[in-house]
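Descriptive analysis of the structure
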Amino acid sequence: MRRPAADRPPGSRSYDPVRHWQAGAVKWSPRAGETAALAVVGAGLALSLVVLDPAGRILVGAGSLLLLGLAGRDLLARPRLSAGPDGVDVRTLTGGRHLPWPGLLVRVRETRRLGVRGRTLELDTTGGPDDPGVLVVLARRDLGADPEVVAQALRSLDPTRG
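Model, not experiment: these values are computed from the prediction.

Rules and cut-offs
Residues numbered from 1 in each chain as written. Predicted model: local features only at pLDDT ≥ 70, side-chain atom pairs only at ≥ 80, totals over all residues. Heavy atoms only, no water. Helix = DSSP H or I, 4+ residues; strand = E, 2+ residues; numbered from the N terminus. Contact = heavy atoms within 4.5 Å. Buried < 20%, exposed > 50% of the residue type's maximum accessible area, 1.4 Å probe, protein only. Arc of directions from axis to C-beta. Salt bridge = Lys/Arg side-chain N within 4 Å of Asp/Glu carboxyl O.

**What about unusual backbone geometry?**
Geometrically, the link from Arg 78 to Pro 79 is a cis peptide bond, its omega value of -10° lying close to zero. Mapped onto the elements of the fold, Pro 79 is located in the loop between helix H2 (54-76) and strand E2 (81-84). With phi around 55°, Leu 114 is a residue other than glycine that occupies positive phi space.

Pasting the structure below:
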């Protein structure tokens, strides 16, 4: 007999993060498999520099540095987004930023470019015309999950929402 979706463990297909959260334990990071794949491909490109001509070394070397840099960013800025009872924390390479729940606007922006649909999670703290606020934009790759699911979870965690 199949268990209801609310009772399934986090590894199952229809896991609902909104029902299974614990204060301070809700975190989103890039997927470990994607980060490992970036590192492996970057290292492979770096090793292939030995057999290339000078122009190829420049192009492949730049690609290798880019992939290894992205993998390093994924490892250093973990978790990328975490939520707790006092607000949301966003980690970057230069540090982190705490966004308190009061005044935090969570929305998902959907764009279509060249026939490809993309979704991003926007965390906005702008209070008015004189308040510069903070705008944080995170894509699916940054979160390791669909931005719509993350937005739903954040909205359900927000104690200021009625």
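There is more to say after this.
**A word on the side chain of Asp 124**
Structurally, Asp 124 is set in strand E6 (residues 116-124). Those residues in contact with Asp 124, other than ones at most four positions away along the chain, are Gly 103, Leu 104, Leu 105, Arg 107, Val 134 and Leu 135.

**With respect to helix H4 (residues 147-157)**
Those residues of H4 lying buried are Pro 147, Val 150, Ala 151, Ala 153, Leu 154 and Leu 157. Buried residues of H4, seen end-on, are gathered within an arc of 165° and therefore sit on one face of the element. Buried residues in H4 make contact with strand E1 (26-28), E2, strand E3 (87-92), strand E5 (105-113), E6 and helix H3 (140-143).

**Considering the pattern of salt bridges**
Counted according to the given criterion, the structure contains 11 salt bridges. Of the charged contacts in the structure, one is a salt bridge between Asp 142 and Arg 73, with a shortest N-O distance of 3.2 Å. Of the two residues, Asp 142 is situated in helix H3 and Arg 73 in helix H2; the sequence distance between them amounts to 69 residues. Look at Arg 73 and you get partly exposed, because its relative accessible area is 22%. Across the pair Arg 141 and Asp 74 runs a salt bridge whose closest N-O atoms are separated by 2.7 Å. In this pair, Arg 141 sits in helix H3 while Asp 74 sits in helix H2, placing the two residues 67 residues apart along the sequence. Here Arg 141 falls in the partly exposed class, since its relative accessible area comes to 27%. Residues joined in a network through salt bridges with shared partners are Arg 73, Asp 74, Arg 80, Arg 141 and Asp 142.

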